[in-house]
Amino acid sequence: MLSYQKNTVKTSVRKLVEFLLRSGDIDMKSQIAADVDAMQEGSRLHRKIQRAKPTTYQSEVSLKMSWQKDGYELVLEGRADGIDTVEYQGEKTVCIDEIKCVYRDVTQIEEAEPLHLAQAKCYAYMYGIRRGLSKCMVQLTYCNMETEELTYITRLYTMEELSAWFEGLMESYSLWAEYCVRARKERNESIEKLLFPFPFRPGQKKLTALVYQTIEKSRSVYLQAPTGVGKTISVLYPSIKEIGREQGEKIFYLTAKTITRTVAEQTLGILKGQGLSMLSVSITAKDKICTNVVRECNPDSCPLAKGHYDRINEALYALLAEKRQVQREDILEYSEKYQVCPYELSLESAMWADCIICDYNYAFDPHVNKKSLFGEKSGGIFLIDEAHNLPDRAREMYSAVLSRKEVLEIKRIFANKSKKLEKQLKKCNHVLLQIEKEPEMAEKNIDRLYYPLFWMLGEMEEYLKEHAEMEEKVVEFYYKTRHFFMMLDTMGEGYQIYGEKKGGRLLLHLLCVNPSARLEEYWNRCRSGIFFSATLLPVPYFKKLLGSGKDTEAFHIPSPFSKENRLLMISSDVTSRYSQRNENQYQKIAQYLQDTLEEKKGNYMVFFPSYQMLSETYERVMKTELPETAELLLQETMMGEQDREDFLKKFTEDRKKPLLAFCVLGSIFSEGIDLTGRRLIGVMIVGTGIPQVCEEREQIRSFFDRQGKKGYDYAYRYPGMNKVLQAAGRVIRTADDVGMILLMDERFLWRENQELLPAEWDSYYPVNLSNYKTVVKQFWEKHEDEI
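Below or above, wherever it landed, is the structure these notes cover. (Residues numbered from 1 in each chain as written. Predicted model: local features only at pLDDT ≥ 70, side-chain atom pairs only at ≥ 80, totals over all residues. Heavy atoms only, no water.)

Glancing now at the packing of helix H26 (residues 695-706) against helix H27 (residues 711-728). In contact at an axis separation of 5 Å, H26 and H27 are set at 130 degrees when each is read in the N-to-C sense. Classified by the angle their axes make, H26 and H27 are oblique. Only Gly711, Tyr712, Tyr714, Ala715, Tyr716 and Pro719 of H27 make contact with H26, whose side of the interface consists of Arg697, Glu698, Ile700, Arg701, Phe704 and Asp705. Taken together, the residues of the contact of H26 with H27 sort by class into seven nonpolar, one polar and four charged. (Axes fitted to C-alpha atoms, helices over the stretch in contact; angles between N-to-C directions. Helix = DSSP H or I, 4+ residues; strand = E, 2+ residues; numbered from the N terminus. Parallel < 35°, antiparallel > 145°, perpendicular 65-115°, else oblique. Contact = heavy atoms within 4.5 Å. Nonpolar A, V, L, I, M, F, W, Y, C, P; charged D, E, K, R; others polar.)

As a further point, take the layout of surface pockets. Roughly 920 Å³ of internal volume is contained in the second largest pocket. What lines the second largest pocket is a set of 34 residues, among which Gly689, Ile690, Pro691, Gln692 and Lys723 lie closest to the centre. Ranked by the residues each element gives to the lining of the second largest pocket, the list is headed by H27, at six residues. Of the residues in the lining of the second largest pocket, the class split is 12 nonpolar, 12 polar and 10 charged. (1 Å grid on protein atoms, 1.4 Å probe; cavity = no way out; pocket = protein on both sides within 12 Å on 5 of 7 lines; lining within 4 Å. Points joined across faces, edges and corners; volume = space filled by probe spheres on them.)

Turning next to the side chain of serine 239. Along the chain, the position of serine 239 falls in helix H7 (residues 231-244). With a relative accessible area of 0%, serine 239 lands in the buried category. Side-chain polar atoms of serine 239 contact the backbone oxygen of valine 235, separated by 2.6 Å. Excluding residues that lie within four positions of it along the chain, serine 239 makes contacts with Val211, Ile215, Ile251, Ile381 and Leu383. (Buried < 20%, exposed > 50% of the residue type's maximum accessible area, 1.4 Å probe, protein only. Polar contact = N/O pair within 3.5 Å; in protein donor to acceptor, adjacent residues only side chain to side chain.)

On the surface, a cluster of negative charge is made up of Glu636, Asp643, Glu645 and Asp646. Its location among the elements puts glutamate 636 in the loop between strand S21 (631-634) and helix H25 (641-649). Accessibility expressed as a relative area gives 46% for glutamate 636, which makes it partly exposed. (Patch = residues over 30% accessible without salt bridge, like charges linked within 9 Å, V, L, I, M, F, W, Y side chains within 5 Å. Areas by Shrake-Rupley, 256 points an atom, 1.4 Å probe, with all protein chains shown as cover. Salt bridge = Lys/Arg side-chain N within 4 Å of Asp/Glu carboxyl O. Lys, Arg positive; Asp, Glu negative; His and termini not counted. Charge placed at Lys NZ, Arg CZ, Asp CG, Glu CD.)

Turning our eyes to something else, we now look at the pattern of salt bridges. For the coordinates displayed, the defined rule picks out 40 salt bridges. Here glutamate 242 ties to arginine 245 by a salt bridge, and the two come within 2.9 Å at their closest N and O atoms. You can call glutamate 242 buried: its relative accessible area is 1%. On the basis of relative accessibility, which here comes to 45%, the residue arginine 245 falls in the partly exposed class.

Turning our attention to empty space enclosed by the protein. One way to see where empty space is left: roll a probe the size of a water molecule over the atoms. If you walk through the whole model with that rule in mind, you get three cavities of 30 Å³ or more. Within this model, the largest cavity holds a volume of roughly 110 Å³. Class assignment of the residues belonging to the lining of the largest cavity gives a composition of nine nonpolar, two polar and two charged. Taken as a whole, the second largest cavity spans an internal volume of roughly 50 Å³. Residue lining of the second largest cavity: Leu268, Lys272, Leu276, Met278, Ser280, Arg324 and Gln325, and that is the complete set.

Attention shifts here to unusual backbone geometry. Cis rather than trans, the peptide bond between leucine 537 and proline 538 has omega equal to -10 degrees. Mapped onto the elements of the fold, proline 538 is located in the loop between strand S17 (526-533) and helix H21 (539-546). With a phi angle near 55 degrees, serine 218 is a residue other than glycine that sits in the positive phi range. In this fold, serine 218 is placed in the loop between helix H6 (204-216) and strand S8 (221-224). Positive phi, close to 60 degrees, is recorded for glutamate 246, a residue that is not glycine.

Treat this as a map of the structure, not an account of what it does.
Take a look at the structure:
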């Protein structure tokens, strides 16, 4: 909300009044965050109104005021939509015009929205005090987006009235500005004294130095660093030191999994123990932090939603003043104490943080990042943990689908509720019907859908604001369709547009095949992006999909672990190819599992390319001797956090019976878990992880083929092999660990797949059922005293 750089605290008029003067409930009106002035049509109308004014009318007038405080400068700036001199009661009077484009019927507007009026009053004071005026008129111009009808609300203020009101506003502004200055001083002083908390591991000093250099040069970098290097502290420590030198405004530690967020929190806790005074905030997903029994954000369903905005600033100031490391339990404590929404409190506190720990969504998803955690040029440092997950996550964020079946269902709902909205939905359906008849022409005809969707969404937005009790199906449709429209409005060359029929009705897809252009918008607004993971192969694939600039370098940090502690094997007599899955293959896999436990008892994970293959193999294993000699653990299709924890608790070092866990490749257990020592001594992976053939994957394939790239590799091979490498990384987590990796598929011997294996896997044993037991036995005999 406030920017503090070079001893100057600065904010805009709009941000200031929206922050300090907000009030009321969390309801549908507050949740619908579509800023119509930022949309193409709203901007056009804005300019049209300005051009229609007389020549004396000045458009987009910049205004700025500053005050010298104790040790810092306080700045307020903004831009008035228009300033003119008008005749009022026989006198020439200056009029400040604030234009707002809305969907609602402007003839029904009798009073200005309080925040709109406050914004105009600020401009009136700033202009009037500079010109020595004795009075100033404020005018709110409301324009209907569809009819272009105008309504004017005017009011005359004396400068004494404006001064008294403005003085109270600035008193509140100063309170928050002083907090900024005080917290920044404490932060920088503590960072200056901060030392690296551990002895450097092999490769760790190089990793830390690369992060320093990247931030210093305002560049980005890809860092492939295997398990054991200490990636989290190696990227966090130099980033913290750099923001202490004002070489970056804040740190965004971005994760795809809860476990990596926890590691980041623990690392910051260690630094805090060394005296670091820096505000860090962890954002928890809404459905995991909401304390209400019914997940409905309105004052009728949730007591915390009622009057939330009346209390939020008091709660926020107390939290910021009393806590430096804000985690889930802190948010819940202050939410209860001040009776505010915990999720909204976490987002509010994150806006003031020096370090935000959150899921990718809060940085890159335009719908989730409603609170604008960073501005147009934030100077932020992005630390993207497990960056191999970002391409698919970004593709999901920026893709959209519109169902003609759903449009018809919603149209029927509004048949007796709103004829105007029913009419707009009918227009949307008409275009979709034309596309449905020729789905192969979807890309050519997509533009015809733009304005029908635009007007329908505007009408639905106004309806939902006035009808909070609307059924959930309608609300979901609104948000889903708004996302589709936003992607349609802003998509570029990285998209594949196609239609397909499901159940006889059209599904219209906007598939973001290459999200690099979308993500580039964020890289341009940050100082540095640090992409790090144990699996970033091949690097050109990730650069192509994630962007970050042509000159972005990539580095590989060697593994600090001894190769002698790892046995890598590739079986040549097994395949997971769908066309060759048969009884013989399932029996071979079962035999490998049985031979493994016969040679070395312990805890193992075996990963399959699908639940179907997992189940088929499990069935065969249950008919062997294994169920009597070992405990078999099965990953279920739907597992909550508690189920996941219970599953992992089974991996203990002092088990009486060995453990064999059946898991799915690319699922919750194939990355982000840390089973050290004898808790896990082996991983077996069936198949090369290639995704199943589907329409979406085929669209990705054809897209990159047309670009002269290897479409099959982009759609199937690279994503598959990254899942394999992640799963293999579950074993050998520390320098003392000893373990084995068995890759079960003859395709791992292909040159194309061999090239995607990490550098430290430069040697392996080719095995089959004839020599497998011998190879395993010899390895464990060498390490008999170690495990």
